[in-house]
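Each chain, letter by letter, is given below.
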Amino acid sequence: MSVVIYHNPECGTSRNALAMIEASGEQPEVIEYLKTPPSRERLKQLIAAAGLTVRQAIRQKDTPYLELGLDDGSLSDEALLDAMEAHPILINRPFVVAEKGVRLARPSEVVLEILPNPLSGDFIKEDGEVVRGGGTAG
């Protein structure tokens with residue numbers, strides 16, 4: 001199984017996760033989810049496999065989250081999924097799928113938990129933060 005990343009090239013966290021995947025020797029399938037959103041069923045699978053609730057998988061920053069009233073805690077998962085389907089920018093990113101599992105790679109180094117091969121050395125994120133080969137920031 002190859003690695004799949006649901007990626008937003010405008011997002012630094014997503015770019016860092018993709019770069020770590022590539023630095024580990026993987027050539028992932030990159031799905032720009034704003035251009036090609038996952039189906040509702042696939043989104044539900046990703047969220048469940050990552051061990052998240054639907055609410056945890058919603059992105060609030062720089063989205064119509066508040067304008068749509070999604071901060072209403074009484075909204076059902078189905079209502080939240082409706083919003084995510086209508087506005088894919090609400091899908092938090094990046095979701096990464098690998099043989100070892102699914103993660104919402106926030107922070108980006110979470111991706112290291114599921115990659116088939118560890119990083120051979122340190123990785124320097126865009127902001128200059130160093131991620132040790134074993135996945136520890138320092």
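Up top you'll find the structure we're talking about.
Residues numbered from 1 in each chain as written. Predicted model: local features only at pLDDT ≥ 70, side-chain atom pairs only at ≥ 80, totals over all residues. Heavy atoms only, no water.

Peer 1: Describe in detail the overall build of the protein, supporting the description with residues and values.
Peer 2: When you go through the protein residue by residue, the secondary structure sums to three helices and six strands. Traced from its N-terminal end to its C-terminal end, the protein shows the element sequence β-α-β-α-α-β-β-β-β. Here the protein has a C-alpha radius of gyration of 15 Å; the compact-globule value for 138 residues is 14 Å, and the two agree. Carbon and sulfur atoms make up 49% of the accessible area of the protein, which totals about 7,000 Å². Both charge centroids of the protein, one from 14 positive and one from 21 negative side chains, sit 2 Å from each other. (Helix = DSSP H or I, 4+ residues; strand = E, 2+ residues; numbered from the N terminus. Rg over C-alpha atoms; globule rule 2.2 N^0.38 Å. Areas by Shrake-Rupley, 256 points an atom, 1.4 Å probe, with all protein chains shown as cover. Lys, Arg positive; Asp, Glu negative; His and termini not counted. Charge placed at Lys NZ, Arg CZ, Asp CG, Glu CD.)

Peer 1: Can you explain the nonpolar core? Please cite residues and give values.
Peer 2: Tyr6, Ile47, Met84, Leu90 and Phe95 are the most contacted members of the largest nonpolar core, which totals 23 residues. The set of elements that each furnish at least two residues to this core consists of β1 (4–7), α2 (40–49), α3 (77–86), β3 (95–98) and β4 (101–104). The element best represented in this core is α3, accounting for four residues. When neighbours within four sequence positions are excluded, Phe95 is seen to be in contact with Val4, Ile5, Tyr6, Leu46, Ile47, Ala50, Leu52, Ala57, Val102, Arg103 and Leu104. Membership of the second largest hydrophobic core comes to 16 residues, among which are Leu18, Met20, Leu112 and Val131. (Core = buried A, V, L, I, M, F, W, Y, C linked by side-chain atoms within 4.5 Å. Buried < 20%, exposed > 50% of the residue type's maximum accessible area, 1.4 Å probe, protein only. Contact = heavy atoms within 4.5 Å.)

Peer 1: If you had to explain the environment of Ala83 to someone new, which residues and values would you point to?
Peer 2: Residue placement: Ala83 occurs in helix α3. Classification of Ala83 as buried rests on a relative accessible area of 9%. Ala83 sits 52 residues away from Ile31 along the chain, and the two C-alpha atoms are 20 Å apart. Every residue in contact with Ala83, bar those within four places of it in the chain, is listed here: Leu70 and Leu90.

Peer 1: Could you give an account of the pairing of strand β2 (residues 29–32), with specific residues and numbers?
Peer 2: For β1 and β2, the ladder comprises four bridges, and the chain directions are parallel. Within β2, the residue paired with His7 across the bridge is Glu32. (Pairing = 2+ DSSP bridges.)

Peer 1: Let's hear about the sheet that holds β3: which residues, and what values?
Peer 2: Read from one edge to the other, the open sheet built from four strands follows the order β2-β1-β3-β4, with strand pairing classed as mixed. Each of the sheet's edge strands pairs with one partner strand only, and the pair in question is β2 and β4. Between one strand axis and the next, the sheet turns through 15° on average, direction left out of account. This element, helix α1 (residues 12–23), spans β1, β2 and β3 of the sheet and lies at about 160° to β1. Along the sheet face, α2 touches β1, β3 and β4 and points at about 80° away from the line of β3. (Axes fitted to C-alpha atoms, helices over the stretch in contact; angles between N-to-C directions.)

Everything listed is a geometric property; what it means functionally is a separate question.
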